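What follows is each chain in one-letter form.
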Amino acid sequence: MPRKSLQLNDFSGGLNTKSSPRDIAPNELSKAENVIISNPGLVESASDSSAKLGTANAPNAQTTAGYGAFIFNSQYNTDSSATITDSVQVFAYPEDNASTTTTKILTYARAFGNSGNFTLTEESGDAIVDMQVTGGVHPVYYYVDGSLYISDVKVVDGTNDAEPRKLQYVDSTRLGSSTTVVGWYDTTVKVEVPGTSNFESIDSTTTGNFSSNPSNVGGFDVILNTDPSTVSTDFSNKQQDSSNIITTTNPGETAPSPNVDIGLTDKTIYLKTLAGNDDMTGAFSNGEEFFINGEGFKVRGINVLSPNTVVQLVVDRDVYGTGALEHGGDSNVQTQSSSTTSVTGGGWEAGTYEFTHSIIDLQDNETLPQAIQSNVFNITTGSYFTRVGLSVKFEDWSSRKNEKGVRIYTRKKGGNGRWILFLDVDWRRGVRSNLFEKYKDETNGFGSAVSTNFKQVKNLDIVNPSLDTYESINGYSQDEESIDFGTDGGYKAATVCARRAWVANVRKNDIVYDDRIYYTPVNRFATFPDSYYLDIGISDGDAFTALHSMGNRLLAFKQKKVYVINISSSSDAGWYLEAEYEGMGCINQNSVSKTPFGVAWVNSHGVYLFDGQSMPKELTLKLDDNLWNLGQEASNVLYNPSIGYDNKYKQLFVLQDSAITSNSNVDTEDRVFVFDFSTKSWSTRDSIGTADVSNFVDSYDGIYFFKHSDDKIHKVNGDTGTKAIEIITKDIDFGNPGLVKKVKKVYVTSRDAAAGSTLTLSYALDGSTSFTAASDPGSGQATINNSQYEVNAYTINQNCESVALKLVSSGKIDINDINIDFRVTNKRPS
């Protein structure tokens, strides 16, 4: 028979250990270690993991396998020394201080978009999170709108006692320019309630003035009047320096109306004396009431124009329902006489009213209503709240960096009715009585400074009750028992989906709900009301382990199954369980990774992908069950897997067990499986570490993890590198298994960029798993030292029914093709 040649130049089908080596496809391999095979026609050496943090920066890192790492992008630098001035990418990881001090989540940073090393920003300071426990933690993270939320899995298990934490950057000016808080803030997830009272007092006033000031920093007092009155018909002219005050036109207006000084809609008016040259300084005060032609006005802002003979007033019109009028030139300004009558235009229901307050943080989370004030106030039919004012004390608010403001609510006493919004107070913008109007004194940055460390907003009228209630503002009942996890609580799984935070397997107020998923109101990522939950698979012997999002679907994992929940509706009444899949669960939050192709996860049976179009697909169908289960303990449970997605090369990296030193099967425990989405093929990487590693986290330039053997951050990705490769081809029968073949030589076309690598070829005949080195060149070993391709011939010279080839390099190598020189004989296998 004539001599023939078989060329192998495409191994992009990757690893197939499920089928017999003889029955796999020509472009598949029985072993594909440390190779990049995503380019058809080329086999390349993969890169090893590389350290991205110098030893000098390494802390006493936590050594819990499979947990701890998280990457997020921040607009603000975490380094207090400002060595990085632009937005940064941050790597978070715990520092385990054993029993000496509490464990901290430290932050490492590098400039955003940079692929260089991370730098430990600070081992003590603002940009760290104190987990409040000694010893190890198993952190679960979610990051949204610039805030990092962290819970400890071990709290749910009962090993640690703490509550979830939050790290955020605060840059907030409070009360005008008086109190500016800038920097990172480590705090609890829940809105913090000050140790001293916010709401110190609420009192009646007839003058609109405070009798005293609050005593605590951040404390506030409220004043009000419930019996507004005005004159019946008796007016007297208001004077300045014995001259009547009259209306005038805007001195800066080039063509004023010759007949009208105040139009129907004017809110800014101008006044002077009849004499025209009197100093108007001090003629009016904020909150003062006066009348022009019977229309009531109230002063809201004062500006005396140079040379002080004209005063500019910002006013409320139609005070007490007198009607808004057009006022001609030189109209007299009048004040009320001592003869008054009660106003009857208020919309409040008659009765006795009580008051409470809540606290709001910078993310708009709001506490439940706090203690009810002891003072109550009576409203008669037709009356309303007038001369309402608020006085606040400000100094250093460093212990309350995240406080945005407060809300004051009222209701009729004894009715257990809904709390109605009375004042919405923003420490930066001012005060308003409902959510539809502008803040009073917003232009001044909150009220007037009355003395050092005190500011006030005064003389507000609240004629009608607000339509806003505590429930309408927040979306949950004022009677919720709690909206947080308590001082000893947390969760094991978390994600953000449809602008809500979702957590599962929860310890809340010291009770564990392992079949429950809690969620927040929209855009309230730290508020978890008791009534906002889903119970799924109750008492099924399983527990939630992970949560992830995919569009408007929530993927909820237990150990043995996964649920797909459709939450596209804006109302929870429209949510529904779309599907559940048995045998496709996972072990923890770090077993799941999001890719552009769908959500991928790993468990003890393989790797799965859900793209939202059909049921989850198993990606490991070509991998033998025994191969995939390598690295398991005797209990047949896969411990602490790690999974991550390399966006640059569209590859999925899966480490079967991050607890590398805990397994007895040393040869396989550190093996990483790599799935290439473009070719749908698997390969493997060896030696990611000799000690435990953290979970994998994704970045724009690769996959990162913390390596405990050297206490450094490491990166691995699909780059070509210098790793020593090992591939085993299929068991080749040359298309004619019924005849014996004489295999002569194997020609390998390869290069190594002048690295001086050796390339060994060995063979196994007729399905054997024992390989024999081919002879020549150099007893089956060729030294490759060329940046150009060269051909090396390996001699086999054996009769066989089939042959499998193994190629092993000592370092970097590229293989372009393999040509097998053979001849078919007429012999049948004996």
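Scoring rules and cut-offs
Residues numbered from 1 in each chain as written. Predicted model: local features only at pLDDT ≥ 70, side-chain atom pairs only at ≥ 80, totals over all residues. Heavy atoms only, no water. Phe/Tyr/Trp six-rings, centres within 6.5 Å; stacked < 30°, edge-to-face > 60°. Helix = DSSP H or I, 4+ residues; strand = E, 2+ residues; numbered from the N terminus. Buried < 20%, exposed > 50% of the residue type's maximum accessible area, 1.4 Å probe, protein only. Lys NZ or Arg CZ within 6 Å of the ring centre and 35° of its normal. Disulfide = S-S within 2.5 Å. Pairing = 2+ DSSP bridges. Polar contact = N/O pair within 3.5 Å; in protein donor to acceptor, adjacent residues only side chain to side chain. Contact = heavy atoms within 4.5 Å. Salt bridge = Lys/Arg side-chain N within 4 Å of Asp/Glu carboxyl O. Core = buried A, V, L, I, M, F, W, Y, C linked by side-chain atoms within 4.5 Å. Axes fitted to C-alpha atoms, helices over the stretch in contact; angles between N-to-C directions. pLDDT = per-residue confidence, 0-100.

**Student:** Would you mind showing me how to read the packing of aromatic side chains here?
**Tutor:** Working definition: an aromatic ring pair is given by the centre-to-centre distance plus the angle between the planes. Across all of its chains, the model carries 48 aromatic pairs by this definition. Between the aromatic rings of Tyr108 and Phe706, the centroid separation amounts to 6.4 Å while the plane-to-plane angle is 50°, which identifies the pairing as tilted. In this pair, Tyr108 is assigned in strand 9 (residues 104-111) and Phe706 in strand 55 (residues 702-707), connecting sequence segments 598 residues apart. Overall, the relative accessible area of 1% leaves Tyr108 in the buried class. Using a relative accessible area of 0% as the deciding quantity, one classes Phe706 as buried. Between the aromatic rings of Phe696 and Phe705, the centroid separation amounts to 5.6 Å while the plane-to-plane angle is 55°, which identifies the pairing as tilted. With respect to class, Phe696 is no different from Phe705; both count as buried. One aromatic cluster in this structure is built from Tyr409, Tyr470, Tyr476, Trp502, Tyr519, Tyr532 and Trp575. The lysine or arginine in question, Arg516, covers the ring of Tyr513, its NZ or CZ lying 4.3 Å from the ring centre.

**Student:** Explanation requested: the state of the cysteines in the structure shown.
**Tutor:** Working definition of a disulfide: a covalent bond connecting the sulfur atoms of two cysteines. Summed over the entire model, instances satisfying the criterion amount to zero disulfides. With no disulfide of its own, Cys497 lies closest to Cys586 among cysteine sulfurs, the gap being 16 Å.

**Student:** Explain the pairing of strand 14 (residues 165-174) here, please?
**Tutor:** Burial analysis of strand 14 places seven of its ten residues in the buried class, the great majority of the element. In this sheet, strand 14 lies alongside strand 13 (residues 147-152) in antiparallel orientation, the contact comprising four bridges. Bridging from a neighbouring strand, Leu148 pairs with Leu167 of strand 14.

**Student:** Help me understand the side chain of Glu288 in this model?
**Tutor:** Inspection of the secondary structure assignment puts Glu288 in the loop between strand 23 (268-273) and strand 24 (289-292). Polar side-chain contacts of Glu288 include one of 3.0 Å to the backbone nitrogen of Ser285. Glu288 has contacts with Lys238, Ala283, Phe297, Lys298 and Val299, leaving out every residue within four places of it along the chain.

**Student:** Sorry if this is basic, but what is going on with the pattern of salt bridges here?
**Tutor:** Pairs can form between side chains of opposite charge whenever their charged atoms are close. Tallied over the full model, the rule gives 40 salt bridges. Residue Asp535 is joined to Arg516 by a salt bridge in which the shortest nitrogen-to-oxygen separation is 2.9 Å. Placement of Asp535 in strand 41 (residues 533-535) and of Arg516 in strand 40 (residues 511-519) is noted, with a sequence separation of 19 residues between them. On the basis of relative accessibility, which here comes to 12%, the residue Arg516 falls in the buried class. In the salt-bridge network here, residues are joined through shared partners; they are Glu366, Arg407, Asp424 and Arg432.

**Student:** Explanation requested: the side chain of Asp821 in the structure shown.
**Tutor:** When you line up the elements, Asp821 lands in strand 64 (residues 814-824). Asp821 gets classed as buried once you look at its relative accessible area, which sits at 10%. At a separation of 3.5 Å, a polar atom in the side chain of Asp821 contacts the side chain of Arg3. Other than its neighbours up to four places away in sequence, Asp821 contacts Arg3, Lys4, Lys742, Val743, Lys744, Lys745 and Tyr747.

**Student:** How should the nonpolar core be read in this particular structure?
**Tutor:** One broad rule of soluble globular proteins: the nonpolar side chains tend to lie buried together. Counting 49 residues, the largest nonpolar core has Leu652, Val654, Trp682, Leu761, Leu805 and Leu807 as its most contacted members. For this core, the element with the highest residue contribution is strand 64, accounting for five residues. Here Leu652 is in contact with Thr595, Ala600, Val607, Leu619, Ile643, Gly644, Tyr645, Phe673, Val674, Phe675 and Phe677, once residues within four sequence places are set aside. Counting 32 residues, the second largest nonpolar core, distinct from the first, contains Phe199, Val222, Leu224 and Phe385.

**Student:** Please explain the sheet that holds strand 33 (residues 403-412) as it appears in this structure.
**Tutor:** By way of backbone hydrogen bonds, the strands of a sheet pair with one another, either parallel or antiparallel. The strand order across the open sheet built from five strands is 31-30-33-34-35, with neighbouring strands paired in antiparallel fashion. Edge positions in the sheet fall to strand 31 (377-379) and strand 35 (430-432), since each has one partner strand and no second. Strand-to-strand, the axes of this sheet are offset by a mean angle of 30°, without reference to chain direction. As defined by bridge partners, strand 33 adjoins strand 34 (residues 420-426) across six bridges and the pair is classed as antiparallel. When the sheet's bridge partners are listed, Thr410 is paired in strand 34 with Ile420.

**Student:** Just to check I follow, could you spell out the sheet that holds strand 49 (residues 617-618) for this structure?
**Tutor:** Taking strand neighbours across the sheet as the criterion, the four strands line up as 46-47-48-49 in an open arrangement whose pairing is antiparallel. Two strands in the sheet have a free side with no partner beyond their single neighbour: strand 46 (592-595) and strand 49. Where strand 47 (residues 598-603) lies against strand 48 (residues 606-610), five bridges are found, and the strand directions are antiparallel. Looking at strand 48, one finds that Trp601 is bridged to Tyr608.

**Student:** Help me understand the environment of Pro258, please; the structure alone is not making it clear to me.
**Tutor:** Here Pro258 shows up in the loop between strand 21 (243-248) and strand 22 (260-262). Placed 70 residues apart in sequence, Pro258 and Gly328 show a C-alpha to C-alpha distance of 8.8 Å.

**Student:** Honestly, the environment of Ser151 in this entry has me stumped. Any pointers?
**Tutor:** With respect to the secondary-structure elements, Ser151 resides in strand 13. Using a relative accessible area of 1% as the deciding quantity, one classes Ser151 as buried. Setting aside its immediate chain neighbours within four residues, Ser151 contacts His138, Pro139, Val140, Pro164, Gly490 and Tyr491.

**Student:** Would you take a moment to explain the pairing of strand 61 (residues 781-784) for this structure?
**Tutor:** Within a regular strand, the side chains alternate between the two sheet faces. Residues Ala782 and Ile784 line the buried face of strand 61, whereas the alternating positions Gln781 and Thr783 sit on a face that is not buried. Pairing analysis gives four bridges linking strand 59 (residues 757-765) to strand 61, with the strands arranged antiparallel. Counterpart to Leu759 in the pairing with strand 61 is Ala782.

**Student:** How should I be thinking about unusual backbone geometry in this particular structure?
**Tutor:** A negative phi holds for most residues other than glycine; trans holds for most peptide bonds. Pro307 follows Ser306 through a cis peptide bond whose omega is 10°. Structurally, the position occupied by Pro307 is in the loop between strand 25 (295-305) and strand 26 (310-316). Positive phi, close to 55°, is recorded for Arg387, a residue that is not glycine. Secondary-structure assignment places Arg387 in strand 32 (residues 385-393). The phi dihedral of Asn505 is positive, around 55°, even though this residue is not glycine. Mapped onto the elements of the fold, Asn505 is located in strand 39 (residues 500-508). Accessibility expressed as a relative area gives 4% for Asn505, which makes it buried.

**Student:** I tried to follow the confidence of the model for the protein chain on my own but got confused; where do I start?
**Tutor:** Detailed reading of the predicted model is not advised wherever pLDDT is low. In the predicted model, the protein chain carries a mean pLDDT of 88, and 91% of its residues have values of at least 70. The low-confidence segment residues 630-634 (pLDDT under 50) makes 14 contacts with residues lying over four places distant or belonging to another chain. Within the model, the stretch residues 664-668 combines pLDDT values under 50 with three contacts to residues more than four positions away or in other chains.

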